[in-house]
Amino acid sequence: MKVSKHLSLEELTHSETAIKLGIVNQPNQLQLANLVRLAEKVFEPTREHFKVPIYISSGYRIMNLNQAVKGSITSQHCTGEAIDIDMKGGKVTNKMIFDFIKDNLKFDQLIAEHPKNSDLSWVHVSYADKNRQQILVAKKVNGKTVYIPYKSDKDLI
């Protein structure tokens, strides 16, 4: 099933962890509607801008899958409002995706995940009913992930 022009429900629900654990990772109608809105408002404009496939490393997660991957108990992945994008070292980088979304789109949260010299491990983006335009940077501090407000690209070093 397609949720938008370039994105299938299968891409949004695929999880190796779910397969390994025998978890059926399918959204309900409300979660599916959220995924469609996220695809229309964030994924498709990003895809159209760069004119290359956009790779989702994590999309929708049913609650027990989210627990299995040690996701936050308030994760927007569980409501169908978040995706993680990882361009895997192609000509379009995670940083380019982050900058495009930051500068051009409405979103709820945009997180530069674990940057090293402005190279992002992946980009988390969510879209909700009431978008906060919150931009964060996720970094490891003493072995724990902490989220700091993004102020400039100096935060990505």
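Above this text is the structure in question.
The structure displayed is predicted, hence computed values, not measured ones. (Residues numbered from 1 in each chain as written. Predicted model: local features only at pLDDT ≥ 70, side-chain atom pairs only at ≥ 80, totals over all residues. Heavy atoms only, no water.)

Another point: the sheet that holds strand 7 (residues 134-141). Within a sheet, adjacent strands bond to each other through the backbone by hydrogen bonds, running parallel or antiparallel. Pairing is mixed across the open sheet formed by six strands, whose spatial order is 3-4-6-5-7-8. A single partner strand is all that each edge strand has here, and the edge strands are strand 3 (56-58) and strand 8 (144-149). Each adjacent strand pair in this sheet contributes to an overall mean axis angle of 30°, direction not counted. Direction of pairing for strand 7 relative to strand 8: antiparallel, over a ladder of six bridges. Among the inter-strand pairings, L136 is bridged to a residue of strand 8, identified as P149. (Pairing = 2+ DSSP bridges. Helix = DSSP H or I, 4+ residues; strand = E, 2+ residues; numbered from the N terminus. Axes fitted to C-alpha atoms, helices over the stretch in contact; angles between N-to-C directions.)

Here the focus is the layout of surface pockets. Here the largest pocket is characterised by a volume of approximately 820 Å³. For the largest pocket, the lining is made up of 33 residues, of which R61, G71, H77, D84 and H124 are closest to its centre. Within the residue set of the lining of the largest pocket, elements represented by two or more residues are helix 2 (16-21), strand 3, strand 5 (109-113), strand 6 (122-126), strand 7 and strand 8. Within the lining of the largest pocket, the residues separate by chemical class into eight nonpolar, 17 polar and eight charged. (1 Å grid on protein atoms, 1.4 Å probe; cavity = no way out; pocket = protein on both sides within 12 Å on 5 of 7 lines; lining within 4 Å. Points joined across faces, edges and corners; volume = space filled by probe spheres on them. Nonpolar A, V, L, I, M, F, W, Y, C, P; charged D, E, K, R; others polar.)

This brings us to the nonpolar core. In terms of nonpolar packing, the biggest core is built from 35 residues, with I83, I85, I97, F98, I101 and V125 touching the most fellow members. Of all the secondary-structure elements, those providing two or more residues to this core are helix 1 (9-13), helix 3 (29-50), strand 4 (82-85), helix 5 (94-104), strand 5, strand 6 and strand 7. The leading source of residues in this core is helix 3, at seven residues. Contacts of I83, omitting those with residues within four sequence positions, involve L12, L38, F43, I56, S58, G59, H77, V123, H124 and V125. (Core = buried A, V, L, I, M, F, W, Y, C linked by side-chain atoms within 4.5 Å. Buried < 20%, exposed > 50% of the residue type's maximum accessible area, 1.4 Å probe, protein only. Contact = heavy atoms within 4.5 Å.)

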